[in-house]
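Here is how the chains run, residue by residue.
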Amino acid sequence: TRSFTDPSVSMDLLRAVLQPSINEEIRGVFNKYMKFFQTAAINVRDNVGEEVDPEQLIQETCRSCLEQAKLLFSDGKKVVPRLPHEQAVPKRARQMDDELSRRGSPIPKKRKGRPPGQSLSNDRGVSGVAAWKLKVSEPVKRDGPKWDPSRLTETTTFVLGSRANKALGMGGTRGRLYIKHPHLFKYAADPQDKHWLTEQQHMRAIGGKMAYLLIEEDIRDLAASEDYRDSVDLRLEELKPFIPPAWMTEKMQKHMETLRRGGDVPPPEDPPE
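So, here is what we can say about the structure in this document. No experiment lies behind these values; they were computed from the predicted model shown.

The secondary structure content of the protein amounts to eight helices and three strands. A total of 273 residues make up the protein; the buried ones form 30% of that total. Looking at the protein alone, contacts between residues at least 24 apart form 71% of all its contacts between residues at least 6 apart. With an accessible surface of roughly 18,200 Å², the protein has 53% of that area assigned to carbon and sulfur atoms.

This is how it looks when you write it as structure tokens:
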């Protein structure tokens, strides 16, 4: 045991008391810049394809920001490694950045350009993003009946994510469904699943691109909600539901249970011999 007269213990007790307030202020900072991350993630998704998960991309970017912010409090011994593209910064700029880090100043140098809080509503291709943006302060809830693995049975019908996007009138923006409704259960098909889906003609061979499966009932519930039921773009005939084999349903049950517990998703299993 360590004595409460230990300086590090005393400081850590103070930190624990202040941590909730600090976390709340950090959330506020990220919410201020979230519109930039969201716009960039959507553009990446549109340019690269469905293998990019914008929600995951935004979370990784936020974590990277926190890692780089540690440089403000570096003691000169433990330095957070910079990313490859950041190492190409001119020597003079690096010296200024290191000097700022040693001083521990959290106040960045003023730069010309749009203020962080300025609206992006007039930028081309960004209209409508604010209506369904994902906020850092609003974690995805994965509880309740819809996240009970027992609801997935051998008769449960699923639909492809790409078809669900079209059915709800989002076909023009790939991945928009997952950002607007992050609470939906989605399962990323592994190579074995894709082989079955292609063999059964539920989808075309897409190489290394990501393919998501969603529960048909969840999509129809969305279609019946106030947000979609009166939409002229609603095309439920695009869903083309299907019943997967028992071995695939079992994998989706495990995937749902893992997500519900807040754990990391295990890597796809190799096909059985």
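Another aspect to go through is the packing of helix 6 (residues 191-199) against helix 8 (residues 246-260). At their nearest, the axes of helix 6 and helix 8 sit 11 Å apart, and the two run at 140° to each other. One way to sum up the angle between helix 6 and helix 8 is to call them oblique. The way helix 6 lies across helix 8 gives a crossing that is left-handed. Contact with helix 6, carried on its side by Q192, D193 and W196, involves W247, M248 and K251 of helix 8 and no other residues of that element. Looking at the contact of helix 6 with helix 8, its residues break down into three nonpolar, one polar and two charged.

Taken residue by residue, helix 7 (residues 216-223) has E216, D218, I219, L222 and A223 as its buried positions. All buried residues of helix 7 project into a common sector of 165° when viewed along the axis, lining one side. In this fold, the buried residues of helix 7 make contact with strand 1 (158-160), helix 4 (161-167), helix 5 (176-180) and strand 3 (212-215).

For the rest of this paragraph, the subject is the packing of helix 1 (residues 7-48) against helix 2 (residues 54-69). Geometry of a packed helix pair, given as the angle between the helix axes and the separation of the axes. Two elements in contact, helix 1 and helix 2, have axes separated by 9 Å at closest approach and are oriented at 135°. As judged from the angle between their axes, helix 1 and helix 2 are oblique. Between helix 1 and helix 2 lies a crossing of right-handed hand. Contact residues: helix 1 offers I26, F30, M34, F37, Q38, A41, V44 and R45, while helix 2 offers P54, L57, I58, T61, C62, C65 and L66. In the contact of helix 1 with helix 2, the residues fall into twelve nonpolar, two polar and one charged.

Attention now moves to the sheet that holds strand 2 (residues 186-188). As summarised here, the arrangement of the three strands in space is 1-3-2, forming an open sheet in which the pairing is antiparallel. Only two strands of the sheet have a single partner each, and these edge strands are strand 1 and strand 2. The sheet shows a mean angle of 30° between the axes of neighbouring strands, taken without regard to direction.

Next up on the list: the nonpolar core. Core analysis: the biggest nonpolar cluster contains 18 residues, and L152, F158, F185, L197, L213, F242 and M252 have the highest contact counts within it. Ranked by residue count, the leading element in this core is helix 8, at four residues. In this structure M252 touches L152, F158, F185, Y187, L213 and P244, once residues within four positions along its chain are discounted. Residues M170, L177, L184 and Y212 belong to the second largest nonpolar core, which totals 15 residues.

Take the packing of aromatic side chains next. This model, assessed by the stated rule, comprises four aromatic pairs. Both rings, one in Y33 and one in F36, keep their centres 6.4 Å apart while their planes meet at 40°; by these two values the pair is tilted. Here the residue Y33 and the residue F36 both occupy positions in helix 1, the gap between them amounting to three residues, near one helical turn. Judged by relative accessible area, which is 31%, F36 ranks as partly exposed.

Here we come to unusual backbone geometry. Phi is positive for Q201, close to 60°, though the residue is something other than glycine. Tracing the backbone shows Q201 in the loop between helix 6 and strand 3. Positive phi outside glycine occurs at K240, with the angle close to 50°. Relative accessible area serves as the criterion here: at 48%, K240 is assigned to the partly exposed category.

Turning our attention to helix 6. Residues of helix 6 that are buried: Q192, D193, K194, W196 and L197. Buried residues along helix 6 sit against strand 1, strand 2, strand 3 and helix 8. Near the N-terminus of helix 6, the side chain that reaches the backbone nitrogen of Q192, with its oxygen 3.1 Å away, is that of D190. Among the residues trailing helix 6, Q201 stands out with phi positive, at a value near 60°.

Rules behind the numbers
Residues numbered from 1 in each chain as written. Predicted model: local features only at pLDDT ≥ 70, side-chain atom pairs only at ≥ 80, totals over all residues. Heavy atoms only, no water. Helix = DSSP H or I, 4+ residues; strand = E, 2+ residues; numbered from the N terminus. Buried < 20%, exposed > 50% of the residue type's maximum accessible area, 1.4 Å probe, protein only. Contact = heavy atoms within 4.5 Å. Areas by Shrake-Rupley, 256 points an atom, 1.4 Å probe, with all protein chains shown as cover. Axes fitted to C-alpha atoms, helices over the stretch in contact; angles between N-to-C directions. Parallel < 35°, antiparallel > 145°, perpendicular 65-115°, else oblique. Left-handed = near helix turned anticlockwise from the far one by under 90°. Nonpolar A, V, L, I, M, F, W, Y, C, P; charged D, E, K, R; others polar. Arc of directions from axis to C-beta. Pairing = 2+ DSSP bridges. Core = buried A, V, L, I, M, F, W, Y, C linked by side-chain atoms within 4.5 Å. Phe/Tyr/Trp six-rings, centres within 6.5 Å; stacked < 30°, edge-to-face > 60°. Polar contact = N/O pair within 3.5 Å; in protein donor to acceptor, adjacent residues only side chain to side chain.

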